[in-house]
Amino acid sequence: MKRMLSAVKPTGQITLGNYIGAISNFVKYQEDNEMIIFIANLHCITVYQDPKDLRKNLKDAAALYLACGLDPNRSTIFLQTDVMEHAQMGYIMACNTYLGELNRMTQFKDKVSKNETGLTAGLYTYPCLMAADILLYDPDYIPVGDDQKQHVELTRDIAIRFNNRYGETFKVPEPLVASVGARIMSLNDPTKKMSKSENNDKGCIYLLDDLNVIRKKIMSAVTDSYGEITLDQQRQPGIYNLLEIHSAISKTDKQELLNRFKSQGYGVLKKEVADVVTERIGEIQKRYHEIMDSGQIETILDEGAKKARYIAAKKLTKVQRKIGIDIHKR
Ligand code: ATP
Ligand code: MG
């Protein structure tokens, strides 16, 4: 059995992009793999979060993981801060990462080039903490959306460097990017990724949005004036995105969808995408309310943290001994 590890940040409400590109895949993978899934609450504070909103987003993220079908009996589900080895290993990883490597990370470069102010040191070194999150558990695969591939590549580089310096310590993991839905785009600007922290409510579908609001967002999605439906992503990014969303949720091949919709108007396509999406999100919301009412979330996260800590603590000790900073006799 292969081990996989992944996470979502509670920087805002979980989006349809997170569901399609990440969580729905975790649910599928847990059938045949050992899944370690956490809520990356340390990563989310690299950008200021209002504490009240953060508390809500955190609990919602845990409930939504479960509502989307992650099963605590099969997968290890926990909060990053409940396993303190992450932060300590993060520091060690930062000491094995070069500034040049961090400077090349496109996510950070984008923020700098947009002249965003108040960028924190935590945001800059976040790929080091991410490397720690991963390498503590020796996973085989890291299922991520397209945007996170570069950070997994850096994790690999750090692991290889560490293994060369100190002897075989870490398994070198592979990123696993699904062929459909790896980059769901914003509905009102289909050249931009749908992101929960962009404050673009019109372009973003949140799993906890009212179903009527979701329908409206899809019906008013930005398309084009060509008046035809093709799979040309460059020319028709809005149409392509709608087909991609449909395909990911209905598990229908995009070519098959194209054959079905190509002689129809945009309104027909949008309506069917809205039907497919609201049906799936409606089911998730029903489960979400049951889970919130069950009072089980705390217990599930505690048990997950216990399982994770067992693996992480052993690995951290091994790493510290290899480096020479731990001289305890055990
Ligand atoms: P933020 O804006 O705070 O970075 P985000 O929406 O990008 O939020 P993350 O927590 O960074 O979400 O990512 C969680 C997972 O969801 C990652 O595996 C990421 O690759 C995936 N993901 C994020 N956005 C999308 C998207 N639009 N399409 C497909 N996958 C996505
Ligand atoms: Mg992101």
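Our structure is the block above this text.
Residues numbered from 1 in each chain as written. Chains lettered and ligands numbered in written order. Predicted model: local features only at pLDDT ≥ 70, side-chain atom pairs only at ≥ 80, totals over all residues. Heavy atoms only, no water.

Some thoughts on the nonpolar core
As a rule of thumb, soluble globular proteins bury nonpolar side chains together. Let me state the cut-off plainly: The set of buried Ala, Val, Leu, Ile, Met, Phe, Trp, Tyr and Cys residues whose side-chain atoms join them within 4.5 Å is what this entry labels a nonpolar core. A simple rule labels every residue: compare its accessible area, found with a 1.4 Å probe on the protein chains alone, to the largest value its type can have, and call it buried under 20%, exposed over 50%, or partly exposed in between. Contacts are residue-level and defined by heavy atoms, with any inter-residue pair within 4.5 Å sufficient.
Counting 59 residues, the largest nonpolar core has Leu16, Ile218 and Val277 as its most contacted members. When neighbours within four sequence positions are excluded, Leu16 is seen to be in contact with Met194, Ile205, Leu207, Ile245, Ile249, Val277 and Ile281. One finds Leu5, Phe108, Ile134 and Leu135 within the second-largest nonpolar core, a separate group that totals 36 residues.

Overview of empty space enclosed by the protein
This is how the line gets drawn: For each structure, a 1 Å grid was placed over the protein atoms alone; sets of points admitting a 1.4 Å probe that cannot get out are labelled cavities, open sets with protein on both sides within 12 Å along at least five of seven lines are labelled pockets, and lining residues have an atom within 4 Å of a point. Grid points are joined across faces, edges and corners, and a volume is the space filled by probe spheres set on the points. Ten residues, namely Ala, Val, Leu, Ile, Met, Phe, Trp, Tyr, Cys and Pro, are considered nonpolar, four, namely Asp, Glu, Lys and Arg, are considered charged, and the remaining ones, Gly among them, are considered polar.
Using the criterion set out here, one finds one cavity of 30 Å³ or more in the structure. Estimates place the volume of the largest cavity at around 30 Å³. The wall of the largest cavity is formed by Ser186, Leu187, Pro190, Ala221, Val222, Gly238, Asn241 and Leu242. The class makeup of the residues in the lining of the largest cavity is five nonpolar, three polar and no charged.

Regarding the site of ligand 1
What counts here: We call a residue near a molecule or strand whenever a single non-hydrogen atom of that residue lies within 4 Å of it. The term polar contact refers here to a pair of N or O atoms within 3.5 Å; inside protein, the definition further demands a hydrogen-donor-capable atom paired with an acceptor-capable atom, and it admits residues adjacent in sequence only when both atoms are side-chain atoms. Note on areas: Shrake-Rupley, 1.4 Å probe, and residue coverage restricted to the protein chains presented here. A run of H or I in DSSP becomes a helix once it reaches four residues, and a run of E becomes a strand once it reaches two; helices and strands are each numbered from the N terminus.
Taken together, 21 residues sit near ligand 1, with Thr11, Gly145, Asp147, Lys193 and Ser197 positioned nearest. For ligand 1, an oxygen atom lies 2.8 Å from a polar atom in the side chain of Lys196. About the coverage of ligand 1: the protein hides 95% of its 600 Å² of free accessible area. Going through the elements one at a time, β1 (3–8) and α1 (16–29) are the ones with two or more residues in the shell around ligand 1. Per-element tally for the shell around ligand 1: the top contributor is α1, with four residues.

Remarks on helix α3 (residues 51–67)
In plain terms, the rule: Working rule for helices: expected span equals 1.5 Å times residues minus one.
With 17 residues, α3 should reach 24 Å at 1.5 Å per residue; the first-to-last C-alpha distance of 24 Å fits that figure. Among the residues making up α3, those that are buried are Leu54, Asn57, Leu58, Asp60, Ala61, Ala62, Ala63, Leu64, Tyr65, Leu66 and Ala67. Positive phi appears at Gly69, one or two residues downstream of α3, with a value of about 120°.

Focus: the pattern of salt bridges
Operational definition: We define a salt bridge as a contact between a side-chain nitrogen of Lys or Arg and a carboxyl oxygen of Asp or Glu at a distance within 4 Å.
Tallying each qualifying case throughout the model produces 19 salt bridges. For Arg3, the salt bridge goes to Glu34, with nearest N and O atoms at 3.1 Å. Of this pair, Arg3 sits in strand β1 while Glu34 sits in strand β2 (residues 34–39), and the two are 31 residues apart along the sequence. Linking Glu31 and Arg74 is a salt bridge whose minimum nitrogen-to-oxygen distance equals 3.3 Å.

A closer look at the packing of aromatic side chains
Rules: Pairing of aromatic rings covers Phe, Tyr and the six-membered ring of Trp, with a centre-to-centre limit of 6.5 Å; geometry is then stacked below 30 degrees between planes, edge-to-face above 60, and tilted otherwise.
All chains considered together, the criterion is met by five aromatic pairs. Taking 5.0 Å as the distance between ring centres and 55° as the angle between the ring planes, the aromatic pair formed by Phe162 and Phe170 counts as tilted. Since its relative accessible area comes to 0%, Phe162 is described here as buried. Clustering of aromatic rings is evident, with ring pairs tying together Phe38, Phe78 and Tyr137.

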